[in-house]
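Single-letter residue listing:
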Amino acid sequence: MPTVEQNRANWTEHTWAGQGDEWSGLWGGTESLWWGSLLPRLHAFVPTETILEIAPGFGRATQYLKDLCQHLTVVDVTERCIDACKQRFSSSSNITYYVNDGKSLNMISDHSIDVVFSFDSLVHAEPDVIKAYLSQMRRILKPNGMGFIHHSNVGGIPPFIKKIPFIRRALDQGWRSEGMTARLFQRYCEQAELQCVGQEIINRITRYPLPHDCFSLFTLPYSPWARRYRAFTNLGFAYEAAYLAKQTRLYSKSSFRTEI
Ligand SMILES: C[S@@+](CC[C@H](N)C(=O)[O-])C[C@H]1O[C@@H](n2cnc3c(N)ncnc32)[C@H](O)[C@@H]1O
């Protein structure tokens, strides 16, 4: 739980009332999520020639990624999401769209991708899905390729903590994989002959200091990005977002367009 089938069903049924912006509330909006939390973690790797976004949903990050590369490929298990992206970005000529089976990247050419990106999606993916995607990275990444994947670390939280009722409720609402961990991600990288070069363990769905998610960075051995593994447990991540939400009220473009 959640399986690929459950993901497809859930994201087909979801209202998508804000095209994904409904999940940016912690930051005070998507603009602040992108400029304050995501781009600072990605900026070393962009702009670049080719980006692959796994699981774009309705394009919350895609709207920025498309301007940071010559060509963007987006792959999602849910047809409705890919249809929505096609419509939303119909004026962009540098995006290719695929619906997949939730695991396969067979449609991506060998050694064609500079940056693989996935945010707020594969947290709902079980270890078999993460393992399957990672097993294809060596084939699709260019020699200097880099990956940034946001996934669950709920399996790394001690069971007695997960039994505390309000924590259990928060985790159930977040619909994370219960089995995925930062350590498993490292192991899958090793098995796929990738180097996991960094991990940031974060809280995201709650301000409680709960290490339930992880951003993992990986590359190919001998790529210019290869280095010794570094890790950082950032249980202030949700507070950072709340702080960014305050800045947003003053400085964001959207704050000049709407009365907030
Ligand atoms: C919560 S939405 C997030 C979408 C987008 N990343 C965002 O931040 O707005 C989750 C997305 O992940 C996709 N997804 C879930 N499991 C997937 C898988 N195994 N492979 C590809 N896409 C998947 C869903 O179809 C949906 O578009």
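Residues numbered from 1 in each chain as written. Predicted model: local features only at pLDDT ≥ 70, side-chain atom pairs only at ≥ 80, totals over all residues. Heavy atoms only, no water.

(A) Molecular detail of the side chain of asparagine 94. Within the secondary structure layout, asparagine 94 lies in the loop between helix H4 (79-88) and strand S3 (95-99). Judged by its relative accessible area of 15%, asparagine 94 is buried. At 3.3 Å, the side chain of asparagine 94 forms a polar contact with the backbone oxygen of cysteine 69. Of note is the side chain of asparagine 94, whose polar atom sits 3.4 Å from the backbone oxygen of glutamine 70. Here asparagine 94 is in contact with Lys66, Cys69, Gln70, His71 and Leu72, once residues within four sequence places are set aside. (Helix = DSSP H or I, 4+ residues; strand = E, 2+ residues; numbered from the N terminus. Buried < 20%, exposed > 50% of the residue type's maximum accessible area, 1.4 Å probe, protein only. Polar contact = N/O pair within 3.5 Å; in protein donor to acceptor, adjacent residues only side chain to side chain. Contact = heavy atoms within 4.5 Å.)

(B) Structural view of the sheet that holds S3. Spatially, S3-S2-S1-S4-S5-S7-S6-S8 is the arrangement adopted by the eight strands of the open sheet, whose pairing is mixed. A single partner strand is all that each edge strand has here, and the edge strands are S3 and strand S8 (230-234). Within this sheet the neighbouring strands show an average axis-to-axis angle of 15 degrees, counted without direction. When strand S5 (residues 141-152) meets strand S7 (residues 213-219), the two strands line up antiparallel, connected through seven bridges. The partner of isoleucine 149 across the bridge, within S7, is serine 216. Strand contacts of H4: strand S2 (69-76) and S3, with the helix running at about 165 degrees to S3, the strand carrying the most contacts. (Pairing = 2+ DSSP bridges. Axes fitted to C-alpha atoms, helices over the stretch in contact; angles between N-to-C directions.)

(C) Region of interest: the pairing of S5. A large share of S5 lies buried, amounting to 10 of its 12 residues. Sheet topology note: the strand S4 (residues 113-118)/S5 ladder contains five bridges and is parallel. If you follow isoleucine 113 over to S5, its bridge partner there is leucine 141.

(D) Broad picture of the site of the ligand. Taken together, 20 residues lie near the ligand, and Arg60, Asp76, Thr78, Gly102 and Tyr133 sit nearest. Contact distances for the ligand include 2.9 Å between a nitrogen atom and a backbone N or O atom of glycine 102. Under a 2 Å grid-point criterion requiring more than half of the atoms, the pocket assigned to the ligand is the largest cavity. Of all elements in the fold, only helix H1 (4-13) and helix H5 (127-135) reach the threshold of two or more residues within the shell around the ligand. Of the residues in the shell around the ligand, the class split is 10 nonpolar, seven polar and three charged. (Near = heavy atom within 4 Å. 1 Å grid on protein atoms, 1.4 Å probe; cavity = no way out; pocket = protein on both sides within 12 Å on 5 of 7 lines; lining within 4 Å. Sits in = over half its atoms within 2 Å of the grid points. Nonpolar A, V, L, I, M, F, W, Y, C, P; charged D, E, K, R; others polar.)

(E) Molecular detail of a nonpolar patch on the surface. On the surface, Ile164, Phe166 and Tyr208 cluster together into a nonpolar patch covering about 260 Å² of accessible area. Within the secondary structure, tyrosine 208 is located in the loop between strand S6 (195-202) and S7. Its relative accessible area of 39% is what places tyrosine 208 among the partly exposed residues. (Patch = residues over 30% accessible without salt bridge, like charges linked within 9 Å, V, L, I, M, F, W, Y side chains within 5 Å. Areas by Shrake-Rupley, 256 points an atom, 1.4 Å probe, with all protein chains shown as cover. Salt bridge = Lys/Arg side-chain N within 4 Å of Asp/Glu carboxyl O.)

(F) Local environment of the UniProt feature "domain: Methyltransferase" (unreviewed entry) in the chain. In the numbering used here, UniProt assigns the feature "domain: Methyltransferase" (unreviewed entry) to residues 51-145. The span residues 51-145 is 28% helix and 29% strand, and its two end C-alpha atoms sit 10 Å from each other. (UniProt positions renumbered as here; feature names shortened; annotations may be inferred.)

(G) Main features of the nonpolar core. Grouped together as the largest cluster of nonpolar side chains are 33 residues, with contacts concentrated most on Trp34, Ile51, Leu65 and Phe117. By residue number, the principal contributor to this core is helix H2 (residues 30-42), which donates five residues. Among all residues touching tryptophan 34, those that are not within four sequence positions of it are Leu39, Pro40, Leu42, Ala61, Tyr64, Leu65, Leu68 and Phe117. Formed by 30 residues, the second largest nonpolar core is a distinct cluster that contains Val116, Val129, Ile130 and Tyr188. (Core = buried A, V, L, I, M, F, W, Y, C linked by side-chain atoms within 4.5 Å.)

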